[in-house]
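Spelled out, the chains give:
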Amino acid sequence: MAIQAPRRKTAAKQRGARSSLGTTGRDWIALALLAVITFAVFAPVCGATFVYWDDNLNVSKNASLNPPTVESVAHFWWDPYLDLYIPLTYTAWGLLAMAAQLPQPDTNGLLLNPAVFHVANLLVHVASVMIVYRILRRLIGPRWPAAAGALLFAVHPLQVEPVAWITGMKDLLSGLLALIAIHQYICFAQTPKDSLHDAKRIRYYVLSATAFVLALLSKPSAMVAPFLMLVIELGVIRRSLRQREIRAAVKPLSPMLILSVGWVVVSTFVQSVAKPADGGHVLLRPLIAADALAFYLYKLFVPVSFCMNYDHAPMTVIRSGWLYFTWIAPAALLAISVGFYRKVPWLLPSALLFVVGVAPVLGLTPFSFQRFSTVADRYVYLSMLGPALALAAILARWRGTAPRDGDHPAASATPPAARSIIVVLFVLLGMRSFVQTFVWKDTKRLFTHALKINPRSYDAYAGLAADSEQHKEPYEAIKYANLAIATDPDRPDAYVTLGTIDTSLGQAAKAEPLLEKAVALSPDNVQALMMLGSLRGLQGRNVEAETLLRKAIKINPLAEQAHLNLTVLLASVNRFQEAMEQAELAVRLDAGDPLAQTYLAMLLAQRHDREAALEHLRIALHIDPTLPQAIGAYDQLTRPRRPKMPSP
């Protein structure tokens, strides 16, 4: 027997009433207020830097964006990068990189201004908030309840990560385009089926389908968009689960649903998971998914202790045993939503929007980030449409929800106490998000905060070690690398950091077993291969060194450090022409690396091209005025003596 809520008018009349909804002056005021509040809450992100949490891989150290060219950006359209096919996002980053180019590398050796990317993230989020408002206006009706729902979507602390993290653009852009697709489909569904409106319906549908395809090209998780449309049409617009209504709703969505399923297959092929993070516990995956939902529900209602990497990997959850109990929370929510569907018809679609929006990353099918954690704040960006709808519906009910023929619910005063509580809650949420934005200010602050929430975060320790090494704090780096190894001795990154530091300190005997261990743990780890290759070169084992370095380059041709290490090796055996080619490539891949600039300058000096050599040395000294190799080479080059290639 189908579940159906009582209706005072037919679906056709409802669609006709909503389709006439326009944007009034008060709507523009509401949209302006939403934009101002969102900017005020997230303003601190505009002063943040790139963080050593994928920003370096995706943007700041990505050779295809430093600088971007038509060819380098177009490459993302036919070749997945980092096992993820998101060409539209990389195209957006390419355009931003053009605007963010610095005339010279900054003191961190970067050629891009991070503020450009942070402002872009914030603008995309503001646009999403406005689309959410338009969606709620069409679904709920009253203006200020819709604005309140959109504000919840805007300022909840769960939204801080995708907005404050430059790499979060993929979640923001796919979310914005998915919301546009949903909004246009709602317009299509609410427009009457008659000859007078056929052109309008076709336009809405084409815009919806186009936005959906673009969303998929921004991030594969946008494949949930047509399923969200189905939930909205059956649960909010039609308010019926009769078989006839389901068929009528599925029919126009069929092309997008088929494309969605096909995209899942393609994404699974591109982002293959060789070893599932749940250890092959297939029967426990529904419980893992329910545990993730319980986690998100907790963060939704108790917005505290947010972190870039929670200790919530599948095996951690399985060993704790909590997954045998946490499923109760989402199961209870679903049972209440179904049980009270007749009395509170908006509760079930709101809950389903939240669940369906995050379904691809619940762990029902393995995905790569699961080896770190099944849950992440950014995963619920689109899902927050569900809570936004629930809040808007609650406030609309308080205003008087009995629909009048052909009009929206009659407005009546919301209880003053309720208004005060809502204002206080929004102030607290906004303040909490405002404070959380500072966590993303730089790498050290991000990982230090992560350790407060998750003291066993290997990634935080390893990230702090790498950041300390980059900022020439070797003893801090050694401390954090050892803590990372103590946390998880089976991952290679910390061994590489320790081996790199020992090599730079001239302690090859200590570095060798560490780098060999890293290669044994991960034979295709580019960083481990190139550092071990560099060490073999210092030991005079040149053939083995070149083999390791060329293997690293074959795995990742964009690995600037591997080209640089090969430069040093080739120059040490007087293969200067080959060394020059590698040095030029290293500079082209990362013009902000002062060592690359220095070694290229030395090779140019070998060819008696003094002016070009001096130009590269000036760039190196601008990036790092204390770099000994650059200082020594510059001093030698200003004298009538030819500089020698120093040891790395």
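### Observations regarding the overall build of the protein
The secondary structure content of the protein amounts to 31 helices and 0 strands. Against the 2.2 N^0.38 benchmark of 26 Å for 648 residues, the protein shows a C-alpha radius of gyration of 28 Å, consistent with a compact globule. Summarising its shape, the C-alpha atoms of the protein cover approximately 95 × 50 × 45 Å along the three principal directions. Counting all 648 residues of the protein, 56% fall into the buried class. Taking the contacts inside the protein whose residues are at least 6 apart along the sequence as the reference set, 70% of them involve residues at least 24 apart.

### Some remarks on the nonpolar core
Soluble, globular proteins show a tendency: their nonpolar side chains are buried together. Counting 201 residues, the largest nonpolar core has Phe117 and Tyr296 as the members making the most contacts within it. At 14 residues, helix α9 (residues 169–190) tops the list of elements feeding residues into this core. Here Tyr296 is in contact with Phe354, Val358, Leu362, Thr374, Val375, Ala376, Tyr379 and Val380, once residues within four sequence places are set aside. Ranked by size, the runner-up nonpolar core spans 5 residues in total, among them Leu284, Ile288, Val317 and Leu323.

### Section: a positive patch on the surface
A contiguous patch of positive charge on the surface is contributed by Arg242, Arg244, Arg247 and Arg342. Its location among the elements puts Arg247 in helix α12 (residues 243–270).

### Things to note about the packing of aromatic side chains
Applying the stated criterion to the full structure yields 20 aromatic pairs. Here the aromatic rings of Trp53 and Phe447 are separated by 6.2 Å at their centres, their planes lie at 90°, and the arrangement is edge-to-face. With Trp53 in the loop between α2 (25–42) and α3 (55–60) and Phe447 in helix α20 (residues 443–453), the pair connects residues that are 394 residues apart, well separated along the chain. For Phe447, a relative accessible area of 1% corresponds to the buried category. Aromatic pair Tyr81 and Tyr90: ring centres 5.6 Å apart, planes at 85°, arrangement edge-to-face. Across the pair, Tyr90 and Tyr81 agree in class, each one buried. One aromatic cluster in this structure is built from Trp53, Phe367, Phe369, Phe372, Tyr379 and Phe447. Sitting over the face of the ring of Tyr204, Arg203 holds its NZ or CZ atom 5.5 Å from the ring centroid. A cation over a ring is seen here: Arg378 above Phe369, with NZ or CZ 4.6 Å from the ring centre.

### With respect to the confidence of the model for the protein
Averaged over all residues, the pLDDT of the protein equals 88, while 92% of them reach at least 70. Note that pLDDT drops below 50 for residues 1–20; the model gives that stretch 44 contacts with residues more than four away or on any other chain. In this model, residues 401–412 is a region of pLDDT below 50 whose contacts with residues beyond four sequence positions or in other chains number 22 contacts.

### Focus: unusual backbone geometry
Pro67 follows Asn66 through a cis peptide bond whose omega is -5°. As for its placement among the helices and strands, Pro67 is situated in the loop between α3 and α4 (70–78). Non-glycine residue His608 carries a positive phi angle of around 65°. Relative to the helices and strands, His608 resides in the loop between α29 (594–606) and α30 (610–623). Classification of His608 by relative accessible area gives exposed; the value is 60%.

### Focus: α20
Within the span of α20, buried status applies to Thr443, Leu446, Phe447, His449, Ala450 and Leu451. Looking at the buried residues of α20, the elements they touch are α19 (416–437) and α21 (458–470). The backbone nitrogen of Lys444 lies 3.3 Å from a side-chain oxygen of the residue at the head of α20, namely Asp442.

### Observations concerning empty space enclosed by the protein
Under the counting rule described, the total for this entry stands at 2 cavities of 30 Å³ or more. The computed volume of the largest cavity comes to approximately 60 Å³. If you go around the largest cavity, the residues you meet are Asp83, Leu84, Tyr85, Pro220, Trp263, Val266, Ser267, Val270 and Gln271. For the lining of the largest cavity, a count of residues per class yields 6 nonpolar, 2 polar and 1 charged. In this structure, the second largest cavity occupies an estimated 30 Å³ of space. Along its surface, the second largest cavity is lined by Pro44, Val45, Gly47, Ala48, Thr437, Phe438 and Lys441.

### Details of the pattern of salt bridges
Per the stated rule, a full pass over the model turns up 21 salt bridges. Notably, a salt bridge pairs Lys61 with Asp590, separated by 3.0 Å at the nearest N-O pair. Note that Lys61 is positioned in the loop between α3 and α4 and Asp590 in the loop between α28 (576–589) and α29, a separation of 529 residues in sequence. Exposure remark for Lys61: the relative accessible area of 33% places this residue in the partly exposed category. Note on Asp590: relative accessible area 11%, which makes it buried. Here Glu578 makes a salt bridge to Arg550, at a shortest N to O gap of 3.9 Å. Taken together, the residues span a long stretch of sequence, with Glu578 in helix α28 and Arg550 in helix α26 (residues 542–555) at a distance of 28 residues. Glu578 gets classed as partly exposed once you look at its relative accessible area, which sits at 30%. Note on Arg550: relative accessible area 35%, which makes it partly exposed.

About the thresholds
Residues numbered from 1 in each chain as written. Predicted model: local features only at pLDDT ≥ 70, side-chain atom pairs only at ≥ 80, totals over all residues. Heavy atoms only, no water. Helix = DSSP H or I, 4+ residues; strand = E, 2+ residues; numbered from the N terminus. Rg over C-alpha atoms; globule rule 2.2 N^0.38 Å. Buried < 20%, exposed > 50% of the residue type's maximum accessible area, 1.4 Å probe, protein only. Contact = heavy atoms within 4.5 Å. Core = buried A, V, L, I, M, F, W, Y, C linked by side-chain atoms within 4.5 Å. Patch = residues over 30% accessible without salt bridge, like charges linked within 9 Å, V, L, I, M, F, W, Y side chains within 5 Å. Areas by Shrake-Rupley, 256 points an atom, 1.4 Å probe, with all protein chains shown as cover. Salt bridge = Lys/Arg side-chain N within 4 Å of Asp/Glu carboxyl O. Lys, Arg positive; Asp, Glu negative; His and termini not counted. Charge placed at Lys NZ, Arg CZ, Asp CG, Glu CD. Phe/Tyr/Trp six-rings, centres within 6.5 Å; stacked < 30°, edge-to-face > 60°. Lys NZ or Arg CZ within 6 Å of the ring centre and 35° of its normal. pLDDT = per-residue confidence, 0-100. Polar contact = N/O pair within 3.5 Å; in protein donor to acceptor, adjacent residues only side chain to side chain. 1 Å grid on protein atoms, 1.4 Å probe; cavity = no way out; pocket = protein on both sides within 12 Å on 5 of 7 lines; lining within 4 Å. Points joined across faces, edges and corners; volume = space filled by probe spheres on them. Nonpolar A, V, L, I, M, F, W, Y, C, P; charged D, E, K, R; others polar.

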